[in-house]
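Per-entry structural report
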Amino acid sequence: MDRPEHLLALADRCESAQKPDRALDADIYEALGFNVRRKPSHLVGRRTPPGGIYQEGSLWKTLGSVSANIDVAVGLLRQKAPDWRWSLQSMAVDEAATFQALVAECQASGTIGALALCAAMLRAFAGGPAAAAPASAPAPARAERESDHD
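This is a predicted model, so every value here is computed, not measured. (Residues numbered from 1 in each chain as written. Predicted model: local features only at pLDDT ≥ 70, side-chain atom pairs only at ≥ 80, totals over all residues. Heavy atoms only, no water.)

Looking at the overall build of the protein chain
Each helix and strand counted, the protein chain has six helices and six strands in total. Along the protein chain, helices (α) and strands (β) appear in the sequence α-α-β-β-β-α-β-β-β-α-α-α when read from the amino end. Across the 150 residues that make up the protein chain, the buried fraction comes to 31%. Pairs at least 24 residues apart make up 44% of the contacts formed inside the protein chain by residues separated by at least 6 positions. Surface exposure of the protein chain reaches about 9,300 Å², of which carbon and sulfur atoms provide 51%. (Helix = DSSP H or I, 4+ residues; strand = E, 2+ residues; numbered from the N terminus. Buried < 20%, exposed > 50% of the residue type's maximum accessible area, 1.4 Å probe, protein only. Contact = heavy atoms within 4.5 Å. Areas by Shrake-Rupley, 256 points an atom, 1.4 Å probe, with all protein chains shown as cover.)

Given below as structure tokens:
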């Protein structure tokens, strides 16, 4: 699977997840270019960080819970794409809260705000709205040009 397809598949996992997932956290960090060491289940202890560690420069840091914590997701987004615009809002539908995120014109939703933000961020890294749009949909710029000539 090439990089854009992998990022889009990971975005789909974020949107379909019902709760935070440490394996998903590690997959997101890896997809964004970090070197990740996952915690082996047989070495669980107080000093072993949950989920594993990732390398940033020459330091190893505890893997952030990007699928659970909006602050971690925003921090990762700001680190990897500081100039991108983003938004996150809560939507109440039939007494169930869902979240809608928009990152660099890529939209996603999720049951948790952090998951929605991660999904939108991954879609943006995959190549923007064109990468996530169906092939049959006309490009907005093309539709405007055709209407100008009528």
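With respect to the sheet that holds strand 1 (residues 35-38)
Pairing in this open sheet of three strands is antiparallel, and the strands run 1-2-3 from one edge to the other. Whereas interior strands pair on both sides, the edge strands pair on one side only; in this sheet they are strand 1 and strand 3 (59-62). With direction set aside, neighbouring strand axes in the sheet form an average angle of 30°. Alignment of strand 2 (residues 52-56) against strand 3, held across four bridges, turns out to be antiparallel. Across the sheet, the residue bridging to Glu56 is Leu59, located in strand 3. Against the sheet, helix 2 (residues 22-31) contacts strand 1 and strand 2, and its axis sits at roughly 160° relative to strand 1. (Pairing = 2+ DSSP bridges. Axes fitted to C-alpha atoms, helices over the stretch in contact; angles between N-to-C directions.)

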